[in-house]
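# Chain and residue survey
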Amino acid sequence: MNVEETGTTRVAVIGAGLVGATFAYALMISGLVSEIVLVDADHERAVGEAMDLSHGVPFVRNVQVWAGDYDDVRDADITVITAGANQKPGETRLDLVKRNLAILRDIIARVTASENRGIIVVVANPVDVLAYAAWKLSGLPAGRVIGSGTILDTARFRHHIGRHFRVDPRSVHAYIVGEHGDSEVALWSSANIGNVPLEQFEAYDEAALAQIFEETRTAAYQIINRKRATYYAIGLGVTRLVEAILHDQRSVLSVSTLVQGEYGVEGIYLSLPCVVGAGGVLARLSPPISSDEIAGLHASAGVLRATLAEVGLVRDG
Ligand code: NAD
């Protein structure tokens, strides 16, 4: 008896390290796709991860997981780039940017050569700089090249706010925008729980809120100091992003995208709340924000523009 081939949904993961493999694991459990291909410069690592993941398939919904190459990327609906080096002792931040940019250039050249027509999601750091580079190098429309941006920072922020006010973080509406990094900005002025401004809750306490933002902004350092890397929450966050794209959910997620005049910022990638659906980023939202928040966003944009200029991706100024 012959079992016919049918339509498939494929996600390619470039970089089967801690983030890539954890994302693949979360995606596999989600049941969103029928095929997951892992591509890594260290092919044996990808083979090992694919074997380990595949052995779990009988416990979830059926999905093919394998270690492949760029021929397999051609038919991917979404290509998620998690390949990147970590900072070596004595290496400057700029050296790391240059190293990861070289890796990204190589990957985008191969994805483009494969004639893939899907959406690219960049997760490797510095994510805003690399997502901008991926957009420039791929020649794709900006909406189809998305950085995971502050999707993780926003989740951390909502988690901390929910815990402080003792409500479900899914009922907390609050965003982190700007750079995924030190200069990110908390949009406190529009933060609310079930449409009620935070000031109206008894637990409102400015010092506690300042601490919440500090915990959010420094979370990666705190985790990396303890266990060397972060990967579970970002794995789930990217799965959520993939879900919004594949099911055309038009969900509002804070992702890194080409900003085109919002708050007076233009021509670089940073995170804003965006409507995400089948075409990628379908719209960028500009919630009302305070003058301090606008100043913070301009400072964050300045940091990103300076890095893009340092590596020659934009002109100075
Ligand atoms: P890791 O070292 O565990 O894995 C990186 C993988 O990339 C390795 O398996 C390596 O072999 C592979 N690789 C390197 N060059 C490659 C190439 N040219 N082609 C294919 N594969 C290649 O690192 P990790 O902990 O998984 O982190 C990966 C990246 O994700 C880092 O840049 C990290 O900073 C970033 N990260 C981003 C977020 C976020 O919120 N955006 C969160 C956590 C980590």
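Our subject is the structure that appears above.
A brief report on the enclosed structure follows. (Residues numbered from 1 in each chain as written. Predicted model: local features only at pLDDT ≥ 70, side-chain atom pairs only at ≥ 80, totals over all residues. Heavy atoms only, no water.)

When its secondary structure is counted, the protein chain shows 10 helices and 14 strands. Taken against the 2.2 N^0.38 rule, which gives 20 Å for 317 residues, the C-alpha radius of gyration of the protein chain at 19 Å falls within 12% of a compact globule. By its C-alpha atoms, the protein chain is 65 × 45 × 40 Å across when sized along the principal axes. Relative to its 317 residues, the protein chain shows a buried fraction of 50%. (Helix = DSSP H or I, 4+ residues; strand = E, 2+ residues; numbered from the N terminus. Rg over C-alpha atoms; globule rule 2.2 N^0.38 Å. Buried < 20%, exposed > 50% of the residue type's maximum accessible area, 1.4 Å probe, protein only.)

If you look at the biggest cluster of nonpolar residues, it comprises 48 residues, and the most contacted ones within it are Y269, L270 and L313. When residues in this core are grouped by element, the largest group, eight residues, is from helix α5 (residues 127–138). Those residues in contact with L313, other than ones at most four positions away along the chain, are L101, R105, V129, Y132, A133 and L308. Judged by nonpolar contacts, the second largest core, of 36 residues, contains A16, L38, I151 and V281. (Core = buried A, V, L, I, M, F, W, Y, C linked by side-chain atoms within 4.5 Å. Contact = heavy atoms within 4.5 Å.)

Taken together, 24 residues sit near the ligand, with L18, V19, D40, V123 and N125 positioned nearest. Take V123: an N or O atom from its main chain is 2.9 Å from a nitrogen atom of the ligand. Here an oxygen atom of the ligand and a side-chain polar atom of N125 are 3.0 Å apart. Starting from 870 Å² of accessible surface for the ligand in isolation, the protein chains cover 85%. If you list the elements that add at least two residues to the shell around the ligand, you get α1 (18–30) and α4 (93–113). When residues of the shell around the ligand are assigned to their parent elements, the largest contribution, three residues, is made by α4. Considering only residue class, the shell around the ligand consists of 11 nonpolar, nine polar and four charged. (Near = heavy atom within 4 Å. Polar contact = N/O pair within 3.5 Å; in protein donor to acceptor, adjacent residues only side chain to side chain. Areas by Shrake-Rupley, 256 points an atom, 1.4 Å probe, with all protein chains shown as cover. Nonpolar A, V, L, I, M, F, W, Y, C, P; charged D, E, K, R; others polar.)

For α5, built from 12 residues, the straight-helix expectation of 16 Å at 1.5 Å per residue is met to within 8% by its first-to-last C-alpha distance of 16 Å. Taken together, the buried positions of α5 are occupied by V127, D128, V129, L130, A131, Y132, A133, A134, W135 and S138. Where α5 is buried, its residues meet α4, β5 (119–122), β6 (145–147), β12 (251–260), β13 (266–277) and α10 (291–310). Positioned one or two residues after α5, G139 has a phi angle of 75 degrees, which is positive. (Expected span 1.5 Å × (residues − 1).)

Counting buried positions along β12 yields eight of 10 residues, so the element is predominantly enclosed. Looking at chain direction, β12 and β13 are connected through nine bridges and run antiparallel. Directly across from V255, in β13, lies its bridge partner L272. Counted along the chain from β12 to the antiparallel partner β13, the turn is five residues long, and its residue G261 has a positive phi close to 105 degrees. (Pairing = 2+ DSSP bridges.)

As a further point, take the packing of aromatic side chains. Following the criterion strictly, the structure yields six aromatic pairs and no others. When the ring of F157 is compared with that of W188, the centres are 4.8 Å apart and the planes differ by 65 degrees; the resulting orientation is edge-to-face. In this pair, F157 sits in helix α6 (residues 151–165) while W188 sits in the loop between β9 (185–186) and β10 (192–193), placing the two residues 31 residues apart along the sequence. On the accessibility criterion, F157 (0% relative accessible area) is buried. (Phe/Tyr/Trp six-rings, centres within 6.5 Å; stacked < 30°, edge-to-face > 60°.)

Turning next to the environment of D72. By secondary structure assignment, the location of D72 is in helix α3 (residues 70–73). Expressed as a C-alpha distance, the spacing of D72 and A295, which sit 223 residues apart in the sequence, is 45 Å. Setting aside residues no more than four positions away along its own chain, D72 makes contact with R10, V37 and W66. Within the structure, D72 has its side chain in polar contact with the side chain of W66 (distance 3.5 Å).

As for its placement among the helices and strands, E262 is situated in the loop between β12 and β13. A polar contact is formed between the side chain of E262 and the backbone nitrogen of Q260, at a distance of 2.8 Å. Engagement of the side chain of E262 in a polar contact is seen with the side chain of R284, the distance being 2.7 Å. What E262 contacts, discounting residues up to four positions off in sequence, is L272, R284 and S286.

Note that all results are geometric; they support no functional claim without further evidence.
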